[in-house]
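# What the coordinates show
Below, each chain spelled out in residue letters.
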Amino acid sequence: MATNNSNKSKIIYTALAWGISGMIFFPILWTLLTSFKTEAEAISANPSLFMFDWTLENYSDVLARSPYFNHFWNSVVISIGSSLLGLIIAIPAAWSMAFVQTKRTKHLLMWMLSTKMLPPVGVLIPIYLMFRDFSLLDTKLGLVIVMTLVNLPIMVWMLYTYFREIPHEILEASRMDGCSIGEEIFHVLLPLALPGIASTLLLNVILAWNEAFWTLILTAANAAPLTAFIASYSSPEGLFYAKLSAASVMAIVPILILGWFSQKQLVRGLSFGAVK
Amino acid sequence: MGSITLKQVTKTFGDVNVIKPIDLQIHDGEFIVFVGPSGCGKSTLLRMIAGLEDTTSGNIDIDGKDATNTPPAKRGLAMVFQSYALYPHMSVRNNIAFPLKRAKVPPAEIEAKIASAAKILNLGDYLDRKPGQLSGGQRQRVAIGRAIVRQPSAFLFDEPLSNLDASLRVNMRLEISELHKTLDTTMIYVTHDQVEAMTMADRIAVFNAGVIEQVGTPLELYQTPVNRFVAGFIGSPKMNFIEVEPVDGNPTSCVGVRPEHLKVTQDKGLWTGKVGVIEHLGSETFLHIHVDGVGPLTLKADGDCPLKYGDNVNLTAPQNKIMHFDAAGKTLPPTPFSGN
Ligand SMILES: Nc1ncnc2c1ncn2[C@@H]1O[C@H](COP(=O)(O)OP(=O)(O)O)[C@@H](O)[C@H]1O
Ligand SMILES: [Mg+2]
C-alpha cells in the first residue's frame, strides 16, 4: 500500500515537473524552430511545429549583416569583467558583514537589496549624463562598471549567505595562527567558500550576459553586446521574426552551454546553502 | 615567558555587562583553570585575553607589556577551540605547518617541528589525512599540535574536551597535564566541569555571573571556600546545604556539610532521616537521605555500605567539617553547631 502510494505520487510529481519544464522551455524551443524557418513561414497564420522547409538562411544572413563575433566578444568582456570586478568588491564587503557584524549590518544588507527594487529607469538620466560627461558612453569599461554596480547587491548577499555557513572559529584560529585580515581571507575563507564563490561568479556572468536595459541604452556600435545585437533585428527596417530568432539563438547558445556545464554548481549556489 | 595580568577588565555586549571588573594575575608557567556554570563569561574573558574580543575597559598585560589593543596574531598566544577549528581544506601536516608558514619559518625547520609535534602527540600516521577523516580525539591532538609548534608564551584552551566521550576525556586530560609538565608553559584552561578543574589545575578561578568568586589551589577551594557558591560548585557530589534559623548573636543562616563528611551514627546525631535512593559505585556508595524539615541530604559511604532503602538513620558530622554561611552566602568563622 505504502509503496504503491508513494509510487503514484512519484509519477504525479514527475509529470508535473516535466509539464512545468515544458512550459518554461517552450518559448525557447519555438524561437529555435523559428530560426530555421523562412520569414514567410515565421509569420504564417497557422504555423507548423516541424513540417516546414528547414533553412539555415537566417543564420548566414545574420552573420553577413552584423559583426556577431564583435558582439559576442563584448558580451564576454562585459559579463566576465563585471563579475570579476564585482567579486573583488563583494568579497571583503561580505566578509565584514558576515564576521564583523554591528547593529547596523542587517539594515545595510536590506538597504542594498532595496536598490534592486528601484526601477532602473529611475536613475537612467543621472547615469546617462554621468556617462556622457566621463566619456563612458558606448565603451566596454562603462558597461563593466554599470553591470558591476547593478549586480553588486546580489553578489554581496550570495557571498554573505555562504560566508555565514563557515564556522567563525576557523577564521579566529587563523587569526591566532598569525594571519592578517588579508591572509585570513586568502588562505582560509576563500578556499572554504570556493563553491559559493564559483556559483556567485557564474550566476552573475549569466545575469550580466542577459541584461538588456543598460546595455541597450548605454551602447551604440562599439561596445554593444549580444543583447543589442538581438534588438537590432526588431527595429528599424520592421520585424524579421526568423532573423530575430536566429540572432537570439546565437546570443543564448554560449550562455546555455556555460549553464549546462555548471548546472550542479548553480543549483547549489541558488539554493543559498539550504542544501548541504 | 607567559605571565598575564588582568587589571579591572570589563566587557559589555550592547547593554549587557558580561564581565564585571576583573583583576587577576596569571603567573608564568602555571596551569590556571577558569571554572563556572555555563554563561558566566569564562569564554568571553579567554577570548579577550586572546584578542578575539576587544576589551570594553581595563587593561590586559602580557609579559609586563600592555597588550589590550594588540591584534591576536601579535600576542604570541595559542588557542585550542572547543570545535577544534582545524582548517578542513588542509592536511594535518599543513594544519600544523600553517602558523609556522605565517611566521616565515624556514621549510626545513617546519619539517622538524612537525615531526617532533607528531611524535609527542602520536600523529605520525595521520599527517597526510584531512581533518574530516579523523576521529574527535585525533582532531583534538592536531589542534594541540598546531598550538605547540609555535612555542607560544601561553596556551588558551576553551572547553577542549567537551566534545569527546567520557573515557577519551580522561585520557586527554592526562595528556594535557603531561604536556604542561613537559612544556612548562602557562596554560589557561576554561571548563564548566569542576572535576577537570580540580584534577588539572595549579590554581582555579571560580567564575559566577561575570565575576571571579575565588582564586586558589584546588585544595584551598575545597577546604576554605569563601562563600556558599564556591562551596557548592567545588566538590562532587555537591555540598549539602541546610538552612537554619539565625539566632541572636549568631548570623549563621545556612550550614554546609560535604557528603564525604556526613556520617551515620548510633547516637542521637544532628539529623534523623530515611534512606532513599542508593547509588553503588563499587568503591563508594552515595546515599540520598530524606531528612524531615531539611530536605534531601547526600551521604558518601564506603563501597560495602549495608544500609537499605527505607532504613531510618541518625546523621552527624565533625564540628570542624561543618561550614557556616551568613544570609548573603559569605563564609563565617566556624562556631559550634548543635542541630536545628
Ligand atoms: N557576541 C556576543 N554577543 C552578545 N552576547 C554574548 C556574545 N558572546 C557571549 N555573550 C553572552 O555573554 C555571556 C557569557 O558568555 P560566555 O563567555 O560564552 O559564557 P561561558 O563560556 O562561561 O559559558 C552569555 O550570557 C552570552 O550570552
Ligand atoms: Mg564557553
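The rules we used
Residues numbered from 1 in each chain as written. Chains lettered and ligands numbered in written order. Predicted model: local features only at pLDDT ≥ 70, side-chain atom pairs only at ≥ 80, totals over all residues. Heavy atoms only, no water. Helix = DSSP H or I, 4+ residues; strand = E, 2+ residues; numbered from the N terminus. Areas by Shrake-Rupley, 256 points an atom, 1.4 Å probe, with all protein chains shown as cover. Lys, Arg positive; Asp, Glu negative; His and termini not counted. Charge placed at Lys NZ, Arg CZ, Asp CG, Glu CD. Near = heavy atom within 4 Å. Polar contact = N/O pair within 3.5 Å; in protein donor to acceptor, adjacent residues only side chain to side chain. Contact = heavy atoms within 4.5 Å. Buried area = accessible area lost by both parts, 1.4 Å probe. Salt bridge = Lys/Arg side-chain N within 4 Å of Asp/Glu carboxyl O. Domains from an automatic or database assignment. Phe/Tyr/Trp six-rings, centres within 6.5 Å; stacked < 30°, edge-to-face > 60°. Buried < 20%, exposed > 50% of the residue type's maximum accessible area, 1.4 Å probe, protein only.

### Concerning the overall build of chain A
A tally of helices and strands in chain A yields 13 helices and zero strands. Sequence-ordered secondary structure for chain A, helices as α and strands as β, is α-α-α-α-α-α-α-α-α-α-α-α-α. Taken along its principal axes, the extent of the C-alpha atoms in chain A is 75 × 70 × 30 Å. With the model as given, the accessible surface of chain A reaches about 15,500 Å², and the carbon-plus-sulfur share is 73%. Taking the average place of the 16 positive charges on the side chains of chain A and the average place of its 15 negative ones, the gap between the two points comes to 11 Å.

### Here we look at the site of ligand 1
All names here are of chain B. Within the structure, ligand 1 sits among Phe-13, Val-18, Ser-38, Gly-39, Cys-40, Gly-41, Lys-42, Ser-43 and Thr-44. Interatomic distance of 2.6 Å between a backbone N/O atom of Gly-39 and an oxygen atom of ligand 1. Within the contact set of ligand 1, an oxygen atom lies 3.0 Å away from a backbone nitrogen or oxygen of Gly-41. With the chains in place, 55% of the 570 Å² that ligand 1 exposes on its own is no longer accessible.

### Comments concerning the interface of chain A and chain B
Each partner contributes residues to the interface: chain A has 15 residues there, and chain B has 23 residues. Here chain A meets chain B over a buried area of about 1,700 Å², counting both sides, of which 62% is carbon and sulfur. Area buried by chain A at its contact with chain B is led by Glu-169, Met-176 and Asp-177 of chain A, which between them contribute 44% of it. Counting the contacts that link chain A with chain B gives three salt bridges. Residue Arg-47 of chain B is joined to Glu-172 of chain A by a salt bridge in which the shortest nitrogen-to-oxygen separation is 2.7 Å. When residues of the side of chain A that touches chain B are traced back to their parent elements, those giving at least two are helix 8 (168–176) and helix 9 (181–210) of chain A. The biggest single contributor to the side of chain A that touches chain B is helix 8 of chain A, with seven residues.

### As for the domain arrangement of chain B
Residue and element names in this part refer to chain B. On domain assignment, one finds that chain B holds domain 1 (4–230) and domain 2 (238–332). Between domain 1 and domain 2, the C-alpha centre-to-centre distance is 37 Å. Each partner contributes to the interface: domain 1 provides seven residues, whereas domain 2 provides 11 residues. A buried area of about 720 Å², summed over both sides, lies between domain 1 and domain 2, and 48% of it is on carbon and sulfur atoms. The three residues of domain 1 that bury the most area against domain 2 are Tyr-222, Pro-225 and Arg-228, which together make up 78% of that side's buried surface. Joining domain 1 to domain 2, the criterion identifies one salt bridge. Across the pair Arg-228 and Glu-243 runs a salt bridge, and its minimum N-O distance is 3.2 Å.

### Comments concerning the packing of aromatic side chains
Residues and elements named next belong to chain A. Inspection of the entire model under this criterion finds 18 aromatic pairs over all chains. Ring geometry for Phe-36 versus Trp-54: centroids 5.5 Å apart, planes at 35°, classification tilted. Pair noted here: Phe-36 is in the loop between helix 1 (2–34) and helix 2 (39–42) and Trp-54 is in the loop between helix 2 and helix 3 (57–65), with a separation of 18 residues, a long-range link. Note on Phe-36: relative accessible area 18%, which makes it buried. Taking relative accessible area as the criterion, Trp-54 reaches 48% and is therefore assigned partly exposed.

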